[in-house]
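# Observations on the three-dimensional arrangement
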Amino acid sequence: MDNAEAVPVDESELRGTALEQSPVGAGATEAARRELSERRVMDVVRSEATERLDAAAQLTAPAHAERAARLRAEAAVLLHFLEGSGAA
């Protein structure tokens, strides 16, 4: 969710001030975040589940069976979350 909430930073903002003019203190390096709608959160969760299932499907070698099972289990948890919210 952190990545989905990130606000794109303008490249000019990255080069804007000299080091001695940089803000200092707690939270000075925090970037603004956008608030996600419930619908967008569900889309992100669904996408994460799909990515895990796709990755598990690619892991066909016996040596990767444990990793594939873990990815399928993670996807199941995410899909269960969607079912509980009525968005599956």
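As a reminder, the structure under discussion sits directly above these lines.
What comes next concerns the included structure. Everything quoted here is computed from the prediction, not taken from an experiment. (Residues numbered from 1 in each chain as written. Predicted model: local features only at pLDDT ≥ 70, side-chain atom pairs only at ≥ 80, totals over all residues. Heavy atoms only, no water.)

### Description of the overall build of the protein chain
Across its full length, the protein chain carries 4 helices and 0 strands. Along its sequence from the N terminus, the protein chain presents helices and strands in the succession α-α-α-α. Considering the protein chain as a whole, with its 88 residues, one finds that 14% of them fall into the buried category. Once local pairs closer than 6 in sequence are excluded, the contacts in the protein chain between residues at least 24 apart make up 72%. When the accessible surface of the protein chain is totalled, it reaches about 7,000 Å², and 52% of it is carbon and sulfur. (Helix = DSSP H or I, 4+ residues; strand = E, 2+ residues; numbered from the N terminus. Buried < 20%, exposed > 50% of the residue type's maximum accessible area, 1.4 Å probe, protein only. Contact = heavy atoms within 4.5 Å. Areas by Shrake-Rupley, 256 points an atom, 1.4 Å probe, with all protein chains shown as cover.)

### Re the nonpolar core
One finds M42, V45, A49, A75, L78 and L82 forming the largest nonpolar core, which totals 6 residues. Secondary structure elements with two or more residues in this core: α3 (38-58) and α4 (65-85). (Core = buried A, V, L, I, M, F, W, Y, C linked by side-chain atoms within 4.5 Å.)

### Points about the environment of R33
Inspection of the secondary structure assignment puts R33 in the loop between α2 (11-14) and α3. In this structure, the C-alpha to C-alpha distance between R33 and E5, residues 28 residues apart in sequence, is 5.3 Å.

### Here we look at the packing of α3 against α4
Each pair of packed helices can be summarised by the angle the axes make with each other and by the distance between the axes. The geometry of α3 relative to α4 is characterised by a closest axis approach of 8 Å and an angle of 155 degrees between their N-to-C directions. If you check the angle between α3 and α4, you find them roughly antiparallel. As for how α3 packs across α4, the hand of that crossing is left-handed. Here α3 contributes M42, V45, R46, E48, A49, R52, L53, A55 and A56 to the contact with α4, which in turn contributes A68, L71, R72, E74, A75, L78, L79, F81, L82 and S85. When the residues that make up the contact of α3 with α4 are grouped by side-chain class, the tally is 13 nonpolar, 1 polar and 5 charged. (Axes fitted to C-alpha atoms, helices over the stretch in contact; angles between N-to-C directions. Parallel < 35°, antiparallel > 145°, perpendicular 65-115°, else oblique. Left-handed = near helix turned anticlockwise from the far one by under 90°. Nonpolar A, V, L, I, M, F, W, Y, C, P; charged D, E, K, R; others polar.)

### Points about the pattern of salt bridges
Within the structure shown, the criterion is met by 3 salt bridges. One salt bridge in this structure joins R46 and D43, with 3.4 Å as the shortest N-O distance. Separated by 3 residues within a single helix, R46 and D43 lie in helix α3, roughly one turn from each other. With relative accessibility at 28%, the residue R46 sits in the partly exposed group. For D43, a relative accessible area of 28% puts it in the partly exposed group. A salt bridge links E48 to R52; the shortest N-O distance between them is 2.8 Å. Of this pair, E48 and R52 are both found in helix α3, 4 residues apart, which corresponds to roughly one turn of the helix. The network of salt bridges with shared partners includes E48, R52 and E74. (Salt bridge = Lys/Arg side-chain N within 4 Å of Asp/Glu carboxyl O.)

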